[in-house]
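# Summary of the model geometry
Below are the chains, spelled out letter by letter.
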Amino acid sequence: MCGIVGYVGPKSTVDVLLGGLKRLEYRGYDSAGVSVIDTEGKLATRKRAGKLAILVEDIDNQPLGEAHIGIGHTRWATHGAPTDGNAHPHLGGDSKKLSLIHNGIIENFAELKSELLEAGVSFASETDTEVAAHLIAREFDKTGDLIESFRKVVRRLHGAFTILVMHQDVPDLVLAARRNAPLVIGLGEGENFLGSDVAAFVEHTKRAIAVGQDEIVILRQNDVAIENFDGESVTRDEFLIDWDASAASKGGWSSFMAKEIADQPQSVGDTMMGRLSSDGTVHLEELAALTQKLPKLDRIIMVACGTAAYAAEVGKYAIESWARVPVSVELSHEFRYRDPILTSSTLVVAVSQSGETMDTLMATRYAKESGAMVLTICNTQGATLAREADAVLYTHAGPEVAVASTKAFTAQIVSMYLLALHLAKARNTRALSDLQEIGKELLKLPAQIAKVLEQGKSVAELAKSFKDAKTVLFLGRHVGFPIAMEGALKLKELAYIHSEGFAAGELKHGPIALIEKGQPVIVVVPSPNDPDSLNAKVISNIQEVKARGAEVIAIAEEGDLEAAKYSAQVFYVPKAHQMLLPVLSVVPLQIFALELSAAKGLDVDQPRNLAKSVTVE
Ligand code: AGP
């Protein structure tokens, strides 16, 4: 899950690399490093444990020489603690003239390391990565052909890797290889870039190429070639990055997360744009490849992790209710190991902000191999999950930088609604006029989210008063249940507070034993207008926990006076179609977690032990 950047061109390479790493820091932030070949032809490397700022300060105090070629890395540790020594780049060979960075895990590193140790190689780190640096350097020492040495070694590596390599004796060249980890090329005028994603170079160029599985890139200042691991040339299409570098900057907000929460009226609107007309009719051209198959689906299986899985859970309610096709949601990492039943009439929907989550990628590959169709709902253009699917529905949330997902989550839910409406139309399960009514309700969401955001200050006040809470429980029912789980996840990852989300109906089957005096319980209350009177049932749950001493905070629909009667505090969201409420009720929970984290003095954007994009299994 580390971030990788490479550059060949006339600009100050150290600045390009550090700028790229700043934008990739969300991928990992426990150490960082760069290597450049300076204009005198010498390889220079600097790497430091800790956040990127520590490396930047180090380089400011002792600048690296002028250079026009280099590689940079920001790390999320897998093998070896986050120390200066384990930070990348790693140097290879006795002469230490080769520099290498790596994202992923080399699964056969132990075997390769034994081989190198036997040959008398000494290691400077505890990483799996260093074996690759030594192997390539040794091959190069034998043949003097860096490209062939690189090919030969990457063919020997098992597992997941994006690797970038430079050698002092071949000072015009950066080589890259990709297997099961992301790699994108940025094409400039008289300069070229490599990155884990386009954020690495979007401030310099909008032209990009997504590198395919088991491919090698040979990058020079005025030339880019792609080939497979056997050295056969490969052609890949260019694409244009559709967001601006400024979209990935804080723009005056205290954190990326604060900005991304506030972006939601826009990101939800953008996700619907061009797909939902003003009369509420949905058009999903992107699903054309699946058109013939949709009416005959036997089931849908959604595969996702973390927040994306909660978005999928909301989608399940909408799809089953509107399109009458059975849906199950599976955590990607559990899915393929339980021998699931898949047919050519099964649609597997992969939901992922990054489009690079390894667990989800492996689940979809398994699904494809088993004959199922795969649709990806993803926020990142050119991501692996998008490229490997039969069809892609992009969420247009824009770049999400904070590790905790917010605007991608609401955009994913909205994409699920669009998918559900599209399926219902294709399967003829609901009158078109009903579907259009729901479509029109969807169009109101951006303005409704903006209204919820107006309560930000009161939510922040409340959050501060929970600074010393040891545990917080969340309850929800129907589509409010996944929102309760998402609220709990946000609090865990941001404020390091133990929290659990329960289905409100489950309370009496066990969790109610947790309630004691003063226990905070946040309840996502269904609409009082829901036809199944779930609202009344949840209000009873509120009374039950209150009677046992809980301090209840309710997220309820405007006008729900019963919710107010039994709660210490209520945050109201505008009246909406009951299925669409999650997009509104999650917003106060996002703000609550953000503000509680900030009140505890924690790093809101980069919580401990996490990384934005989890590209290891
Ligand atoms: C969200 O706040 C999390 N950090 C995490 O659960 C995330 O949603 C999960 O890792 C899936 O990521 P993806 O959407 O990029 O696949």
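Above this text sits the structure in question.
Now for a description of the structure that goes with this document. Values in this document were obtained by computation on a predicted structure and should not be read as measured data.

So, about helix H13 (residues 432-443). The terminal C-alpha atoms of H13 lie 16 Å apart, and with twelve residues this matches the ideal 16 Å at 1.5 Å per residue to within 8%. Every buried residue belonging to H13 is among Leu-435, Ile-438, Gly-439 and Leu-442, and all of these are buried. End-on view of H13: buried residues confined to an arc of 105 degrees, all on one side of the axis. Those residues of H13 that are buried are in contact with helix H7 (264-272), helix H8 (306-323), helix H12 (407-427) and helix H14 (445-453).

The residue Ser-328 is located in strand E16 (residues 327-331) in this model. Separated by 26 residues in the primary sequence, Ser-328 and Met-302 have C-alpha atoms spaced 6.2 Å apart. For Ser-328, the residues in contact, after removing those within four places along its chain, are Arg-299, Ile-300, Ile-301 and Met-302.

Turning next to the site of the ligand. Neighbouring the ligand are 14 residues; Ser-352, Gln-353, Ser-354, Thr-357 and Glu-493 lie closest to it. One of the side-chain N or O atoms of Ser-352 is found 2.6 Å from an oxygen atom in the ligand. Between the ligand and Ser-405, the relevant distance is 2.8 Å, taken from an oxygen atom to a main-chain nitrogen or oxygen of the residue. A total of 410 Å² of accessible area belongs to the ligand in isolation, and the protein chains cover 90% of it. Elements with a contribution of two residues or more to the shell around the ligand: H8 and helix H16 (480-495). Residues of the shell around the ligand, tallied by class, amount to five nonpolar, seven polar and two charged. The residues that make up the shell around the ligand include at least three from each of domain 2 (250-443) and domain 3 (455-603).

What follows covers the pairing of strand E9 (residues 184-187). Neither face of E9 is exposed, since Val-184 and Gly-186 on one face and Ile-185 and Leu-187 on the opposite face are all buried. Of the pairings in the sheet, the one linking E9 to strand E10 (residues 192-195) comprises four bridges and is antiparallel in character. Within the sheet, the bridge partner assigned to Gly-186 lies in E10 and is Phe-193. Joining the antiparallel neighbours E9 and E10 is a turn of four residues, in which Gly-190 adopts a positive phi near 65 degrees.

Reading across the sheet, the five strands line up as E16-E15-E17-E18-E19 and stay open at both edges, with parallel pairing between neighbours. Each end of this open sheet is capped by a strand with a single partner; those strands are E16 and strand E19 (391-394). For this sheet the average axis-to-axis angle between neighbouring strands, irrespective of direction, equals 20 degrees. Pairing of strand E17 (residues 346-352) with strand E18 (residues 373-378) involves six bridges; the strand directions are parallel. When the bridges of E18 are listed, Leu-347 appears paired with Met-373.

Cut-off values and rules
- Residues numbered from 1 in each chain as written.
- Predicted model: local features only at pLDDT ≥ 70, side-chain atom pairs only at ≥ 80, totals over all residues.
- Heavy atoms only, no water.
- Helix = DSSP H or I, 4+ residues; strand = E, 2+ residues; numbered from the N terminus.
- Expected span 1.5 Å × (residues − 1).
- Buried < 20%, exposed > 50% of the residue type's maximum accessible area, 1.4 Å probe, protein only.
- Arc of directions from axis to C-beta.
- Contact = heavy atoms within 4.5 Å.
- Near = heavy atom within 4 Å.
- Polar contact = N/O pair within 3.5 Å; in protein donor to acceptor, adjacent residues only side chain to side chain.
- Areas by Shrake-Rupley, 256 points an atom, 1.4 Å probe, with all protein chains shown as cover.
- Nonpolar A, V, L, I, M, F, W, Y, C, P; charged D, E, K, R; others polar.
- Domains from an automatic or database assignment.
- Pairing = 2+ DSSP bridges.
- Axes fitted to C-alpha atoms, helices over the stretch in contact; angles between N-to-C directions.

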